[in-house]
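Each chain, written out:
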Amino acid sequence: MLSVGRIPEKGRILVATAFIRKGQVIARAPAVPFRDRWLIDKTSVFPYYFVRPGEDSCCYLVFGLPSLVSHSDEPSARVVWTDDSVGAWVKLVAVRDIP
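Conventions and cut-offs
Residues numbered from 1 in each chain as written. Predicted model: local features only at pLDDT ≥ 70, side-chain atom pairs only at ≥ 80, totals over all residues. Heavy atoms only, no water. Helix = DSSP H or I, 4+ residues; strand = E, 2+ residues; numbered from the N terminus. Rg over C-alpha atoms; globule rule 2.2 N^0.38 Å. Buried < 20%, exposed > 50% of the residue type's maximum accessible area, 1.4 Å probe, protein only. Contact = heavy atoms within 4.5 Å. Areas by Shrake-Rupley, 256 points an atom, 1.4 Å probe, with all protein chains shown as cover. Lys, Arg positive; Asp, Glu negative; His and termini not counted. Charge placed at Lys NZ, Arg CZ, Asp CG, Glu CD. Pairing = 2+ DSSP bridges. Polar contact = N/O pair within 3.5 Å; in protein donor to acceptor, adjacent residues only side chain to side chain. Core = buried A, V, L, I, M, F, W, Y, C linked by side-chain atoms within 4.5 Å.

> In this structure, what is going on with the overall build of the protein chain? I would like to understand it.
Counting its regular elements, the protein chain contains 1 helix and 7 strands. Order of helices (α) and strands (β) in the protein chain, N terminus to C terminus: β-β-β-α-β-β-β-β. Its C-alpha radius of gyration of 14 Å places the protein chain within 12% of the 13 Å reference for a compact globule of 99 residues. Based on the C-alpha atoms only, the size of the protein chain along its principal axes is roughly 40 × 35 × 20 Å. Counting every position in the protein chain, which comprises 99 residues, the buried fraction comes to 28%. Of the contacts made within the protein chain by residues no fewer than 6 positions apart, 52% connect residues no fewer than 24 positions apart. Roughly 6600 Å² of accessible area belongs to the protein chain as shown, and the carbon and sulfur atoms make up 55% of that amount. Averaging the positions of the 13 positive and the 10 negative side-chain charges in the protein chain gives two centres separated by 5 Å.

> Sorry if this is basic, but what is going on with the pairing of strand β6 (residues 77–83) here?
Working note: regular strand, side chains alternate between the two faces of the sheet. The pairing of β6 with strand β7 (residues 88–94) spans 7 bridges and is antiparallel. Within β7, the position partnered with Ala-77 by the bridge is Ala-94. In this structure, the hairpin formed by β6 and β7 is closed by a connection of 4 residues, where Gly-87 is found at a positive phi of approximately 145°.

> Can you help me understand the side chain of Ser-67 in this one?
Mapped onto the elements of the fold, Ser-67 is located in the loop between β5 (59–62) and β6. From its side chain, Ser-67 meets the backbone oxygen of Gly-64 in a polar contact 2.7 Å long. With near-sequence residues (within four places) excluded, Ser-67 lies in contact with Tyr-48, Phe-50 and Val-62.

> I keep staring at the environment of Arg-52 and nothing clicks. Help me out?
With respect to the helices and strands, Arg-52 occurs in the loop between β4 (49–50) and β5. A relative accessible area of 11% places Arg-52 in the buried class. The spatial distance from the C-alpha of Arg-52 to the C-alpha of Pro-33 is 9.5 Å, given a sequence separation of 19 residues. Once you skip the residues sitting within four places of it in the chain, Arg-52 turns out to touch Tyr-60, Trp-81, Thr-82, Asp-83 and Ala-88. Within the local environment of Arg-52, its side chain forms a polar contact with the side chain of Asp-83, the two groups lying 2.5 Å apart.

> Please explain the nonpolar core as it appears in this structure.
Soluble globular proteins: nonpolar side chains tend toward being buried together. Grouped together as the largest cluster of nonpolar side chains are 8 residues: Ala-31, Phe-50, Cys-58, Tyr-60, Val-62, Trp-81, Ala-88 and Val-90. For this core, the elements supplying multiple residues, two or more each, are β5 and β7. Not counting the four nearest positions on each side in its chain, Val-62 is found in contact with Pro-30, Ala-31, Phe-50, Ser-67, Trp-81 and Val-90. Of all hydrophobic cores here, the second largest spans 6 residues; its members include Ile-26, Leu-92, Ala-94 and Ile-98.

Printed below as a string of structure tokens:
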């Protein structure tokens, strides 16, 4: 359903390899909180951490394909945060049909 591609000057991106319906969960991955954000800001991990809405004092390291989400003015998917007994999770959910 997804593969990793590369755009010059921007880096890695997710590319759909099959039709994805609006509302479909594209990927799900664990997210680990990291309170000392200033430490990450000084590393090569900086472009890959997420700030969860409403938690500005904390950042999350997201694993798996959702860590490669690109920033777009017209995104194909949105990030949905959930929690369970294991911890935090990120889901990518299609906001439109993706051919």
